[in-house]
Amino acid sequence: MAVLTNLASLQRAFYRLTGTASDDDSLIEHDASALEAVNQFLQYGLNDAQDYLMDCGLSDRWVKQATAITSWSGTESTDGGRYKPLESDFFRLAGDDMTSALRKADGTRWGHLINFRDRFRVRGDRYWLQGTNLWIAKGANPPASLLYDYHFRIPTLSSDTVDFPAEDRPLIVAYAAERAMEDDWLPGGQEMEAKIRNKVQTCERRAFRRARRSRTQRKLRPKPTLGTHYYT
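Note that the structure is a prediction, hence the values are computed from the model and not measured. One numbering rule holds for all chains: residues counted from 1, following each sequence as written. Restriction of local features to residues with pLDDT of at least 70 applies here, the model being predicted, together with a cutoff of 80 or more for giving and counting side-chain atom pairs; totals for whole chains, interfaces and linings are based on all residues. Note that the side-chain values use all heavy atoms of the structure and ignore hydrogens as well as water.

Peer 1: I'd love a proper account of the sheet that holds strand β6 (residues 126-130), names of residues and values included.
Peer 2: For two strands to be treated as a pair, DSSP must find no fewer than two bridges joining them. Note on conventions: DSSP H or I runs of at least 4 residues are helices, E runs of at least 2 residues are strands, and numbering of each starts at the N terminus. Spatially, four strands are ordered β2-β7-β6-β5 in an open sheet, and the strand pairing comes out mixed. Edge positions in the sheet fall to β2 (82-85) and β5 (112-113), since each of these pairs with one other strand and no more. Relative to strand β7 (residues 133-136), β2 is paired through four bridges, and the arrangement is antiparallel. In the strand pairing of β7, Y83 is matched with W135.

Peer 1: Got a sec to walk through helix α5 (residues 170-181)? Specific residues and values, please.
Peer 2: Taking 1.5 Å of rise per residue, the 12 residues of α5 would be expected to cover 16 Å, and the 16 Å separating its terminal C-alpha atoms lies within 8% of that figure. Relative accessibility decides the category of a residue: with a 1.4 Å probe and only protein chains considered, values under 20% of the type maximum give buried, values over 50% give exposed, and everything between is partly exposed. Among the 12 residues that make up α5, nine are buried, leaving the element largely enclosed by the rest of the structure. Listed in full, the buried residues belonging to α5 are L171, I172, V173, A174, Y175, A176, A177, A180 and M181. What a helix is expected to span follows from its residue count: subtract one and scale by 1.5 Å.

Peer 1: I'd like a rundown of the packing of helix α3 (residues 36-58) against α5, residues and numbers included.
Peer 2: Axes, fitted as lines to C-alpha atoms, cover a helix only where it is in contact. Angles between the N-to-C directions of the axes lie from 0 to 180 degrees. Where α3 meets α5, the axes come as close as 7 Å, and the angle between the chain directions of the two elements is 120 degrees. Viewed along their axes, α3 and α5 adopt a mutual orientation that is oblique. In terms of crossing hand, the pair formed by α3 and α5 is right-handed. In this structure, α3 uses F41, L42, Y44, G45, L46, D48, A49 and Y52 to contact α5, whose residues at the interface are L171, I172, V173, Y175, A176, R179 and A180. Across the contact of α3 with α5, the residue classes tally to 12 nonpolar, one polar and two charged. For this classification, under 35 degrees means roughly parallel, over 145 means roughly antiparallel, 65 to 115 means roughly perpendicular, and everything else is oblique. Handedness of a helix crossing follows the sense of rotation of the near helix relative to the far helix, less than a right angle counterclockwise being left-handed and clockwise being right-handed. Contact criterion: two residues are considered in contact whenever any of their non-hydrogen atoms come within 4.5 Å of each other. Three classes are used, and their members are as follows: Ala, Val, Leu, Ile, Met, Phe, Trp, Tyr, Cys and Pro are nonpolar, Asp, Glu, Lys and Arg are charged, and the others, Gly among them, are polar.

Interpretation in functional terms is not warranted from these geometric data alone.
Structure (structure tokens):
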């Protein structure tokens, strides 16, 4: 039996966990459209669940290749560099200060990620993220066609199949309920809050165990010191 395959099934799971219903007055009284609140909670839950699985090591599931960059906006003399708008579903670069996300078509890496605060201090083949743009530094000499790999944000939930590992979709519902718990409408008091927190912890443990996709032992690695590979 298929479970949690689309938005409707996620909604039903949310109602079960929170002890609510689609016509619950406390849930829907401020909705501007049908099921607005529950869908918002589920969307935030999906985002939180994606963040968690990516941090567990499943980031390769949501990787795309950006459209090749063949021209740049801005000028070095007036803007301190040149830039290109990021993809509309951009979430994080699939790279860091150790392994560049920018590359040629044959996979040859190009450039070095820097913190945007250093953008006026460096020259040459350096790049950074600022706002919704990818920037290259003064004196950079990118190839005529430059690609980058990036992690994309999962699209807004709809009636279609959810782009998320099937066995870990309860994590979406758990995080959605946790979001709902932060509001003042959710019934059940401390007992309900404890139930939701337990559900979140249980789903996280199960997802973490499944995140290992080979027999290679997990290795502790220091986190990159640069934060600009996140979209802010």
